[in-house]
Amino acid sequence: MTDIFSWNRFFDNIPKILPYLSVTVKIVLFATVFGIILGIITAIIRINKIPVLNQIMGIYISFMRGTPMLVQMMLVYYGLPVILEGLFQWNINRWDKVLFVYITFALNQGAFLSEIFRSAILSVPSGQSEAGYSVGMTRIQTFKNIVLPQAVRVALPGFGTDFIGLFQNTSLAFLIGVVDVMGRAKTIGTATKHVIEAYIFIALLFTVVSIVMQLGFFSADKKLNYKNEVSV
Amino acid sequence: MNISWDYILESLKSGLQYFPNTLKLVMIPTFLGLIIGTIIAFVQTFKIPVIGKLSRVLITLYRGIPIVVALMIYNLLFTLKFEAVARFFRLNISIADVDQIIVGIFALTLMSICLMTESIRGGLIAIDNGQFEAGYSIGLTRMQTLRRIIIPQLIPISIPPLTNNVIGIIKGSSITMAIGITEVLAGALIPGSKSYSFLEGYIAAAVIYWMFTVILEQLSKYLELRGKNFKRSLV
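Residues numbered from 1 in each chain as written. Chains lettered and ligands numbered in written order. Predicted model: local features only at pLDDT ≥ 70, side-chain atom pairs only at ≥ 80, totals over all residues.

1. Looking at the overall build of chain B
And step 1. Each helix and strand in chain B was counted, giving nine helices and zero strands.
And step 2. Secondary structure of chain B in N-to-C order comes out as α-α-α-α-α-α-α-α-α.
And step 3. If you line up chain B on its principal axes, its C-alpha atoms span 70 × 50 × 30 Å.
And step 4. Each of the 235 residues in chain B was classed as buried or not, and the buried ones make up 38%.
And step 5. Taking contacts inside chain B between residues at least 6 apart in sequence as the whole, the part at least 24 apart equals 81%. (Helix = DSSP H or I, 4+ residues; strand = E, 2+ residues; numbered from the N terminus. Buried ≥ 20, exposed ≤ 12 C-beta atoms within 10 Å, placed from the backbone. Contact = placed C-beta atoms within 7 Å.)

Take a look at the structure:
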């Protein structure tokens, strides 16, 4: 109790915590890949206004945007076993906890990314598609060659913000018992009774990674933003 | 295992009982964040030396820290250092007299200041520089220009991002459960601790949060429309 913070413990903690960043990275990658797939499917359904599915997806997006991440994670953690056992008699109590985190974050990202994709695709003026059709391109060709390249540019800043938010949200995974950086900090805390150094290191780690990612997206955005050069 | 409606209802009731706590955790940070965030946004836009740059760097750094981590740190400091600080200021209070909710409010307020600053700065950038110049050219002072020309235009632009921020704070408020504050989520789980109906508790909490955000979104849409009407009637 004499000293709250000591640099010795701070530096001791670094090699103990840093390897667990891989858990976080895995969650982020998994959620992003499946979120993009889910987001594209949802965006297509919403743009083409496919009946029934459109309404279901509307509710899904509203739910994901309207409830806290923590609640969604717990719902998947407690709800998925009940649903799977009720429907297919599957027992998934032995699943690794991190799988529930993957599923939650993928579902959550699917909703948020679909909104980003949808608004990006809709932001491309319809004259662009018409121009494509008028030179004899099919719908898919028009979408791939004309609409998509323009939509990607619009979607990128939103995607970047979302990606960094996802990275920060993964720190919630320790609340269901996944050992990521935060979970590791907690175990260090129970072992040594000194946890503040671990938390401060994690805060620094997240800050540094977030800023690096921000800079990365910023430069990617600049590279893709060729509009001004062309028009001048 | 089935989901029981009775448990969901019980959890809904219990969660709603603690709704005032969630409101406190949302309203106070929103209000403080709006005031302080607006001031910082103006400081940054007018490029006031040192403070402008410094606040920019601090906000960028702070935004990198997840709210859980920040909460954990503040909670630790609060429990470890509160008595010492109180003694230093000759205050005769112990940690037991203080509601832990202030830690949550503190963490969410800092988060809210960062979010609000960014949104309002974005809104200010969206307003054409000519608007400032027009104000100055007819002899208004900087404060008059702000009050009569800039802020009326800023409000409708800022409503959608500000709503998003408030929703973000609502979501953040659920995380304060992790440091032992009883708000909607923790309240909805209280019946579950007796009957092990945690799933029902989380469903009830999700319903409450969902309703809360949907109402907010509708309100924001209505306000946005009104703001636009006001703009149109000027032209």
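2. Looking at the overall build of chain A
And step 1. Assigned secondary structure in chain A consists of 10 helices and zero strands.
And step 2. Reading chain A from its N end, one meets helices and strands in the order α-α-α-α-α-α-α-α-α-α.
And step 3. Taken over the C-alpha trace, chain A has a radius of gyration of 22 Å; the compact-globule value for 232 residues is 17 Å, which it surpasses by more than 25%.
And step 4. Principal-axis analysis of the C-alpha atoms places the extent of chain A at approximately 75 × 55 × 25 Å. (Rg over C-alpha atoms; globule rule 2.2 N^0.38 Å.)

3. Topic: the domain arrangement of chain B
Residues and elements named next belong to chain B.
And step 1. If you check the domain split of chain B, you get domain 1 (1–18 + 183–235) and domain 2 (24–181).
And step 2. Taking only C-alpha atoms into account, the centre of domain 1 sits 24 Å from that of domain 2.
And step 3. At the interface, 14 residues of domain 1 touch 14 residues of domain 2.
And step 4. Where the side of domain 1 that touches domain 2 is concerned, the elements lending two or more residues are α8 (184–195) and α9 (198–234).
And step 5. Top contributing element to the side of domain 1 that touches domain 2 by residue count: α9, with 11 residues. (Domains from an automatic or database assignment.)

4. Considering unusual backbone geometry
And step 1. Located in the positive-phi region is A:V52, a residue other than glycine, with phi close to 65°.
And step 2. With respect to the helices and strands, A:V52 occurs in the loop between α2 (21–48) and α3 (53–66).
And step 3. Positive phi, normally seen in glycine, also occurs at B:V50, with a value near 60°.
And step 4. Tracing the sequence through the fold places B:V50 in the loop between α2 (19–45) and α3 (51–63).

5. Side note on the interface of chain A and chain B
And step 1. Taken together, the 30 residues of chain A in the interface contact 28 residues of chain B.
And step 2. Taken together, the elements giving at least two residues each to the side of chain A that touches chain B come down to α3, α4 (69–88) and α9 (196–224) of chain A.
And step 3. Considered class by class, the residues forming the side of chain A that touches chain B number 21 nonpolar, eight polar and one charged. (Nonpolar A, V, L, I, M, F, W, Y, C, P; charged D, E, K, R; others polar.)

6. A closer look at α8(B)
And step 1. Of all the residues in α8(B), the buried ones are B:V184, B:L185, B:A186, B:G187, B:A188, B:L189, B:P191 and B:G192.
And step 2. Phi turns positive one or two residues past the end of α8(B), at B:Y196, with a value near 60°.

7. Considering the confidence of the model for chain B
Residues and elements named next belong to chain B.
And step 1. Overall, the predicted model of chain B reaches an average pLDDT of 87, with 96% of residues at or above 70.
And step 2. Confidence, expressed as mean pLDDT per element, reaches its minimum in chain B at α9 with 84 and its maximum at α2 with 93.
And step 3. In the model output, the complex is listed with pTM 0.86 alongside ipTM 0.83. (pLDDT = per-residue confidence, 0-100.)

8. Focus: the packing of helix α6 (residues 126–134) of chain A against helix α7 (residues 139–169) of chain A
Residues and elements named next belong to chain A.
And step 1. Where α6 meets α7, the closest approach of the two axes is 9 Å, and the angle between their N-to-C directions is 155°. The angle between α6 and α7 falls in the class roughly antiparallel. When you trace α6 past α7, the crossing you get is right-handed. Within the contact between the two elements, α6 uses Q128, S129, G132 and Y133 and α7 uses T142, I146, V147 and Q150. (Axes fitted to C-alpha atoms, helices over the stretch in contact; angles between N-to-C directions. Parallel < 35°, antiparallel > 145°, perpendicular 65-115°, else oblique. Left-handed = near helix turned anticlockwise from the far one by under 90°.)

9. As for the packing of helix α5 (residues 101–126) of chain B against helix α7 (residues 142–175) of chain B
Residue and element names in this part refer to chain B.
And step 1. Between α5 and α7, whose axes approach to 9 Å, the crossing angle comes to 160°. In this view, α5 runs roughly antiparallel relative to α7, as classed from their interaxial angle. In this structure, α5 meets α7 at a crossing whose hand is right-handed. Contacts between α5 and α7 involve L108, M111, S112, L115, M116, S119, I120, G122, G123, L124 and A126 from the former and L154, I157, S158, P161, L162, N165, G168, I169, G172 and S173 from the latter.
And step 2. Here the residues of the contact of α5 with α7 are counted per class, giving 12 nonpolar, nine polar and no charged.

10. Concerning the nonpolar core
And step 1. In this structure, A:V71, A:A185, A:I202, B:V68, B:V69, B:Y202 and B:A205 are the most contacted members of the largest nonpolar core, which totals 104 residues.
And step 2. Broken down by element, this core gets its largest block of residues, 12 residues, from α5(B).
And step 3. Each of domain 1 (1–18 + 183–235) and domain 2 (24–181) of chain B gives at least three residues to this core.
And step 4. Apart from residues lying up to four places away in sequence, A:V71 is in contact with B:S174, B:L185, B:Y202, B:A205, B:A206 and B:Y209. (Core = buried A, V, L, I, M, F, W, Y, C linked by C-beta atoms within 7 Å.)

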